[in-house]
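Coordinates in review
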Amino acid sequence: MVIFVTTILNQMEKIFTKEYRVTHRDTDLNGRLSLASLGSFVLDTAGLHAIELHTSMEILNSMDLTWVVTGIHFDINEMPPIHSLIKVTTKINEISRLACKRDFLVEHEGKKVAEISTEWLIINVKTRRPVFLVDVLPHIKDLVTPGEGAEKYKHLRFAIGKPIDTSNYTIRYADIDINRHLYSMRYIELAMDMVDLETHQNKTIVSADVNYISEVLYNQQVTLIINQEGDTSQIEMHNANQKPMFRAELVWKDK
């Protein structure tokens, strides 16, 4: 099944903005927006924009397809404090045969909080294999707003030989999302759990790259490992066979 859209494209909002209030549940121990909550606002904005562009999860689900995020890059100036009103603006910056690059600008009181780049695939929910974007959504090529965008996420290739810490975890019901796999921001929360409390108290994140390598499912047992090189934290998640499922690289600076 292919979706054909008759809506006049120039009436579509190719650039979309949504405002959010930073509440208690969105903050870290310092009372500022957490990385995972920032990511959740970004994903929510992407989903709302997709509805307007007729590329939504619901449309894809009707064809046994779904969107999955494969990588995220965060450039962060300063996380806003609790009760802040932030504005998230997004656009589709480019597409390839398989991937869609969606960029975001996050602002607070007229100042740039962060620039974020995400990469998305459409996969078949039965085969778990990607499909060609234009084959499913022919009009998506007309939704691209090219130009200067956020830096693309890095494909992380590091290998952690002797981690400074290791943690085992079993995926529970509260960890999974509508696609019935580990929620993409939950990966980030588990990665942040590997960082010591002193770093969280005394430093702040200036950039982060996350790579979603393989799906992690309910009741699956995983192992997280971390290495620290100066102000850079490298975290990897393995399955029971030591296969990498997720990688993250966090860069910190003193407050």
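Note that the structure is a prediction, hence the values are computed from the model and not measured. (Residues numbered from 1 in each chain as written. Predicted model: local features only at pLDDT ≥ 70, side-chain atom pairs only at ≥ 80, totals over all residues. Heavy atoms only, no water.)

Describing the overall build of the protein
Let me state the cut-off plainly: Only DSSP runs of H or I covering at least 4 residues are called helices, and only runs of E covering at least 2 are called strands; the numbering of each starts at the N terminus. Here the globule rule is a power law, 2.2 Å times the number of residues to the power 0.38, and the radius of gyration is based on C-alpha atoms. The buried label goes to any residue with under 20% of its type's maximum accessible area, the exposed label to any with over 50%, and the partly exposed label to all in between, with areas taken from a 1.4 Å probe on protein chains only. Contacts between residues were defined by any pair of non-hydrogen atoms, one from each residue, lying within 4.5 Å. Residue burial considers only the protein chains on display, and all accessible areas are found by Shrake-Rupley using a 1.4 Å probe. None of His or the chain ends enter the tally, which takes Lys and Arg as positive and Asp and Glu as negative. The atom standing in for a charge is NZ when the residue is Lys, CZ when it is Arg, CG when it is Asp and CD when it is Glu.
Helix and strand counts for the protein come out as five helices and ten strands. Relative to its length of 255 residues, the protein is compact, with a C-alpha radius of gyration of 18 Å against a globular reference of 18 Å. If one aligns the C-alpha atoms of the protein with their principal axes, the spans along those axes are about 55 × 45 × 30 Å. Of all 255 residues assigned to the protein, the portion counted as buried reaches 51%. Considering only residue pairs separated by 6 or more positions, the protein has 73% of its internal contacts joining residues 24 or more positions apart. A total accessible area of about 12,900 Å² is found for the protein, and carbon and sulfur atoms account for 49% of it. Where the 28 positive side-chain charges of the protein centre and where its 34 negative ones centre are 3 Å apart.

Some words on the environment of Ile140
With respect to the helices and strands, Ile140 occurs in the loop between helix H3 (133-136) and strand E6 (165-170). Judged by relative accessible area, Ile140 falls into the buried class, the value being 1%. Taking the C-alpha atoms as reference points, Ile140 and Ile51, 89 residues apart in sequence, are found 13 Å from one another. In this structure Ile140 touches Trp67, Ile92, Ile95, Leu133 and Val134, once residues within four positions along its chain are discounted.

Things to note about helix H1 (residues 35-52)
For the record, the criterion: Between the first and last residue of a helix there are one fewer steps than residues, each counted as 1.5 Å, and that sum is the expected span.
Taking 1.5 Å as the rise per residue, H1 with 18 residues should run 26 Å; its terminal C-alpha atoms sit 26 Å apart, in good agreement. By the burial criterion, the buried members of H1 are Leu35, Ala36, Ser37, Leu38, Gly39, Phe41, Val42, Leu43, Thr45, Ala46, His49 and Ala50. Downstream of H1 by a residue or two, His54 has a phi angle that is positive, lying close to 60°.

Some points on the environment of Tyr187
Condition: Pairs of N or O atoms are called polar contacts if they sit within 3.5 Å, as long as, within protein, a hydrogen donor faces a hydrogen acceptor (for residues adjacent in sequence, only side-chain-to-side-chain pairs).
Relative to the helices and strands, Tyr187 is located in helix H4 (residues 184-193). A relative accessible area of 3% places Tyr187 in the buried class. Between the alpha carbons of Tyr187 and Ile76 there is a distance of 19 Å; along the sequence they are 111 residues apart. When sequence neighbours within four positions are dropped, the list of residues in contact with Tyr187 reads Leu182, Tyr212, Ser214, Glu215, Val216, Met237 and Phe246. For Tyr187, the side chain forms a polar contact with the main-chain nitrogen of Val216, separated by 3.4 Å.

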